[in-house]
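What follows is the residue order along each chain.
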Amino acid sequence: MPIIIITSKTSCPPITYLVFFQLKRVTPFSSSSSSGGFPAPTHHHIAHLILDQNSPSQALQTFRWASNLPNFIHSQSTYRALIHKLCSFRCFDAVHNLLDEMPTSIASPPDDDTFLTLIRGLARARMTPQLVQLPDLVSRFHGCPSLSILNSILNVLVKDNIDVARAFYRRKMMATGVVGDHYTFAILMKGLCSTNRIADAFKLLQLLKSRGVTPNAVIYNTLLHALCRNGKVGRARSLMNDMEKPTDITFNLMISAYCAQDNLIQALVLLDKCFSFGLVPHIVAVTKVLEILCNLGRVSEAVEILERLETKGGALDVVAYNTLIKGFCKLGKVKVGHRILKEMEGKGCLPNVETYNVLISGLCEVGMLDSVLDLFNDMKTDGVKWNFATYDTLIRGLCSVGRTDDGFQILKLMEESREGCGGRISPYNSIIYGLYKQKRTEEALEFLTNMGKLFPRVVGRSLRVLDLCKEQKTKDAKIIYDQMISEGGVPSVLVYDCLIHGFCHEGCLREAFELMNEMIDHGSSPIASTINALICGFCSQGKTDSAIRFMEDMVGRGCMLDAGSYSPLMLAVCREGDFLKALNIISEMIENGITPDCLAWNSLLLCLSQETEWLENNHMLHVNKLLDYIIMT
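It should be emphasised that the depicted structure is a prediction, and the values quoted were computed from it without experimental measurement.

Each value, and the rule that gives it
- Residues numbered from 1 in each chain as written.
- Predicted model: local features only at pLDDT ≥ 70, side-chain atom pairs only at ≥ 80, totals over all residues.
- Heavy atoms only, no water.
- Helix = DSSP H or I, 4+ residues; strand = E, 2+ residues; numbered from the N terminus.
- Buried < 20%, exposed > 50% of the residue type's maximum accessible area, 1.4 Å probe, protein only.
- Contact = heavy atoms within 4.5 Å.
- Areas by Shrake-Rupley, 256 points an atom, 1.4 Å probe, with all protein chains shown as cover.
- Phe/Tyr/Trp six-rings, centres within 6.5 Å; stacked < 30°, edge-to-face > 60°.
- Lys NZ or Arg CZ within 6 Å of the ring centre and 35° of its normal.
- Expected span 1.5 Å × (residues − 1).
- 1 Å grid on protein atoms, 1.4 Å probe; cavity = no way out; pocket = protein on both sides within 12 Å on 5 of 7 lines; lining within 4 Å.
- Points joined across faces, edges and corners; volume = space filled by probe spheres on them.
- Salt bridge = Lys/Arg side-chain N within 4 Å of Asp/Glu carboxyl O.
- Axes fitted to C-alpha atoms, helices over the stretch in contact; angles between N-to-C directions.
- Parallel < 35°, antiparallel > 145°, perpendicular 65-115°, else oblique.
- Left-handed = near helix turned anticlockwise from the far one by under 90°.
- Nonpolar A, V, L, I, M, F, W, Y, C, P; charged D, E, K, R; others polar.
- Polar contact = N/O pair within 3.5 Å; in protein donor to acceptor, adjacent residues only side chain to side chain.
- Disulfide = S-S within 2.5 Å.
- pLDDT = per-residue confidence, 0-100.

K.L.:
What is the right way to read the overall build of the protein chain from this model?
P.N.:
Within the protein chain, the secondary structure is distributed over 34 helices and zero strands. For the protein chain, buried positions account for 46% of its 633 residues. The contacts of the protein chain with a sequence gap of at least 6 include a subset with a gap of at least 24, amounting to 58%. As displayed, the protein chain has an accessible area near 31000 Å², and 53% of this comes from carbon and sulfur atoms.

K.L.:
Honestly, the packing of aromatic side chains in this entry has me stumped. Any pointers?
P.N.:
The geometry of an aromatic ring pair comes down to the distance between the two centres and the angle between the two planes. All chains considered together, the criterion is met by 14 aromatic pairs. Note on tyrosine 169 and phenylalanine 185: the rings are 6.1 Å apart at their centroids and 65° apart in plane angle, and the pair reads as edge-to-face. Taken together, the positions of tyrosine 169 in helix H8 (residues 162–173) and phenylalanine 185 in helix H9 (residues 182–194) put the pair 16 residues apart, joining distant regions of the chain. Of the two residues, tyrosine 169 and phenylalanine 185, both sit in the buried class. Geometrically, the ring pair formed by tyrosine 481 and tyrosine 496 is edge-to-face, given 5.6 Å between the ring centres and 70° between the ring planes. Of the two residues, tyrosine 481 sits in helix H26 (residues 474–486) while tyrosine 496 sits in helix H27 (residues 493–505), which places them 15 residues apart along the sequence. Each member of the pair, tyrosine 481 as well as tyrosine 496, is classed as buried. The cationic tip of arginine 424 hangs over the ring face of phenylalanine 388; the distance from NZ or CZ to the ring centre is 3.8 Å.

K.L.:
What exactly am I supposed to notice about helix H15 (residues 283–295) here?
P.N.:
Every α-helix carries 3.6 residues per turn, so stepping three or four residues along brings you back to the same face. For H15, with 13 residues, the first-to-last C-alpha span of 18 Å sits near the 18 Å given by 1.5 Å per residue. Inspection of H15 places Ile283, Ala285, Val286, Thr287, Val289, Leu290, Ile292, Leu293 and Cys294 among the buried residues, and these make up the whole buried set. The elements touched by buried residues of H15 are helix H13 (248–260), helix H14 (264–276), helix H16 (299–311) and helix H17 (318–330). At the C-terminal side of H15, glycine 297 shows a positive phi close to 80°.

K.L.:
What is the right way to look at the layout of surface pockets in this model?
P.N.:
Rolled over the atoms, a probe as big as a water molecule pinpoints where empty space is left. Space inside the largest pocket adds up to approximately 540 Å³. In this structure, the largest pocket is lined by 25 residues; those nearest its centre are Arg396, Gly397, Ser400, Ser430 and Gly523. Where the lining of the largest pocket is concerned, the elements lending two or more residues are helix H19 (353–365), helix H21 (388–400), helix H23 (426–437) and H27. In terms of residues, the lining of the largest pocket owes the most to one element, H21, which gives seven residues.

K.L.:
Mind showing me how you'd approach the pattern of salt bridges here?
P.N.:
Pairs can form between side chains of opposite charge whenever their charged atoms are close. This model, assessed by the stated rule, comprises 21 salt bridges. The residue arginine 64 makes a salt bridge to glutamate 101 at a minimum N-O spacing of 3.1 Å. You can see arginine 64 sitting in helix H2 (residues 56–67) and its partner glutamate 101 sitting in helix H4 (residues 92–105), a full 37 residues away along the chain. Its relative accessible area of 22% is what places glutamate 101 among the partly exposed residues. Salt-bridge contacts for aspartate 160 lead to arginine 126; the nearest nitrogen and oxygen are separated by 2.8 Å. You can see aspartate 160 sitting in helix H7 (residues 147–160) and its partner arginine 126 sitting in the loop between helix H5 (112–124) and helix H6 (128–141), a full 34 residues away along the chain. Note on aspartate 160: relative accessible area 36%, which makes it partly exposed.

K.L.:
Before we go on, may I ask you to explain the packing of helix H12 (residues 233–241) against H13 in this structure?
P.N.:
Helix-helix packing is characterised by the crossing angle of the two axes and by the distance between the axes. Where H12 contacts H13, the axes come no closer than 10 Å and their chain directions differ by 155°. The angle between the axes of H12 and H13 places the two elements in the roughly antiparallel class. The element H12 and its partner H13 pack so that their crossing is left-handed. On H13, the residues that touch Val233, Ala236, Arg237 and Met240 of H12 are Thr250, Phe251, Met254, Ala257 and Tyr258. The class makeup of the residues in the contact of H12 with H13 is seven nonpolar, one polar and one charged.

K.L.:
Just checking my understanding: could you explain the side chain of serine 462 for this structure?
P.N.:
When you line up the elements, serine 462 lands in helix H25 (residues 456–470). Look at serine 462 and you get buried, because its relative accessible area is 1%.

K.L.:
Mind showing me how you'd approach H8 here?
P.N.:
With twelve residues, H8 ought to run about 16 Å at 1.5 Å a step, and its terminal C-alpha atoms sit 15 Å apart, in line with that. Three or more residues of H8 are buried, namely Ile162, Ala165, Ala167, Phe168, Tyr169, Lys172 and Met173. Close packing links the buried residues of H8 with H6, H7 and H9. Between the side-chain oxygen at the start of H8 and the backbone nitrogen of aspartate 163 there is a gap of 2.9 Å, and the oxygen is on asparagine 161.

K.L.:
Where do I start with the packing of H4 against H5 in this structure?
P.N.:
At a closest axis distance of 12 Å, the pairing of H4 and H5 adopts a crossing angle of 170°. It follows that H4 is roughly antiparallel to H5 by the angle criterion. Facing Phe92, Val95, Leu99 and Met102 of H4, the residues of H5 in contact are Thr114, Phe115, Leu118, Gly121 and Leu122. Residues of the contact of H4 with H5, tallied by class, amount to seven nonpolar, two polar and no charged.

K.L.:
What is the right way to look at unusual backbone geometry in this model?
P.N.:
Excluding glycine, a negative phi dihedral is what most residues carry, and trans is how most peptide bonds are arranged. Within the chain, arginine 126 stands out as a residue other than glycine whose phi angle is a positive 55°. Positive phi, close to 60°, is recorded for aspartate 262, a residue that is not glycine. For aspartate 262, the location among the structural elements is in the loop between H13 and H14.

K.L.:
Hey, could you run me through the state of the cysteines in this one?
P.N.:
What makes a disulfide is a covalent bond joining the sulfur atoms belonging to two cysteines. Scanning the entire structure with this criterion turns up zero disulfides. Cysteine 469 forms no disulfide, and the closest cysteine sulfur to it belongs to cysteine 498, at a distance of 3.5 Å. Its relative accessible area of 10% is what places cysteine 469 among the buried residues. With no disulfide of its own, cysteine 508 lies 9.2 Å from the sulfur of cysteine 504, the closest cysteine sulfur.

K.L.:
Would you explain the confidence of the model for the protein chain in this entry?
P.N.:
For residues with low pLDDT, the predicted coordinates do not support detailed interpretation. Mean pLDDT over the protein chain: 88, with 89% of residues reaching 70 or higher. Segment residues 1–12: pLDDT under 50, and 29 contacts once partners within four positions in sequence are set aside and those in other chains are kept. Note on residues 14–36: pLDDT under 50 across the span, and 61 contacts to partners over four residues away in sequence or across chains.

Below, the structure written as structure tokens:
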């Protein structure tokens, strides 16, 4: 495509004049010709050429050069382009000179668009006093500034200072007989509400009504939003009742506000009312309702709402589907969640990485690890990139059920990815947790030591805690642990295990119990050996009831006990001579599939031998059955 170069006997602009660089970007020239035999440029070309200059002097020189082109006369558009360029460099004196010359140069005063360009320039320069006086400048060319100009000035002032804006409205608008329109009052309402002047906003609303102006939905919605933002949802609801025609935005605001207060009943009432008005609520507001329903386990109701929204023509997005899938996964209905994944794909809504991560987490919770790995591979097939949460969730899930070696393979994939771990330690702690659950303590310690290359500070402190516990300086080790926690660190399960054993050995059971709770709160269930340390501690201090309650609590949290958990309790109960309690403990062990060891049986038999009254009342038949069971086990 050839480039057209136009020359003139007049001086050239700072850069060679190219009529918009390529013919395909140029509108047809007029039939008139310039001195070089080429057609004259249009106003559109000159305006763009001015805007392309790199300095105010170049823009002004280009403008003057174009003035001398044969058969070319400037227009509002070329003046406006130069004014925009000069405003960008804050050359406002030159702008005023241009405004003064326009009536003579082009036989027309500056139009509204030209003044709007100046308003935007003054706004960018934050020249509030000049903006306030701008109507006087406009009056020099026109009898009275248009409402469009006044509203534009008011809109800029509101963003900068509401008091200045209100003074401008009173002195420059009302004083000259300009009442304003809906846009004027919407601007003022926005300014009052953004500065939380709710009382003044209500006064403005009453002012409109007293002047016979019916506030439109924009004015009402602005005030509603301010009320909801300040937690005054009840007052907002009362105001909403005053509206003749609430809009979908009105309902979106109110539904979201009630959801923020966990007021599901009112949110559902307004959602139903919105549908009854023939309006379609925005998916963002609807999703907030879905989230509360799903958190309460009312997933079927959430499904009905989405179906109703879709029937009304509402567009569903991936966030809404993800909320629904998360709700089903929370109920353990992961297969239903997976079916929703397929349904959303069929409707053209593509799942994102969060969709897969929710399902991966759900599958891990119900122990469907093979399905998890299949879904993990599906992500790659479907072009959904794994992120840190994907790796972290999957590694944790695999390690929690004893598939630590598989977890380690996923860890390697994460390390080979571009993002890696991003300085986050949780996947590595999951590997340690998996080794701990499999009682591969030496491997866990070796893995922790090797982590020092990536996390030198955390690993250094962790190893120091372990060393101090070995030296029976548990309280000193706890000080280091507290430092780690205060800095936002999450210690590995080895640190918790070591501290719990150390405090139990020293008889500090309260400290050990608190650490056990912190360990569980961080998602690490203790194995039997860790639990047993506390049970032994309670029993050694004669607190058998505390030991029993602790065991029941651990079982309730899904922790697994072993024979070593019951033996010290059996010994303590039998030492107290409570044969019936000991017998109940043995029965509980057997029901839970735990075979009592020799210590437990010996303790029971020794206690039994001292229970002459029980032997007399229950006859030897019961004793023989008990002995037979002992022999069988």
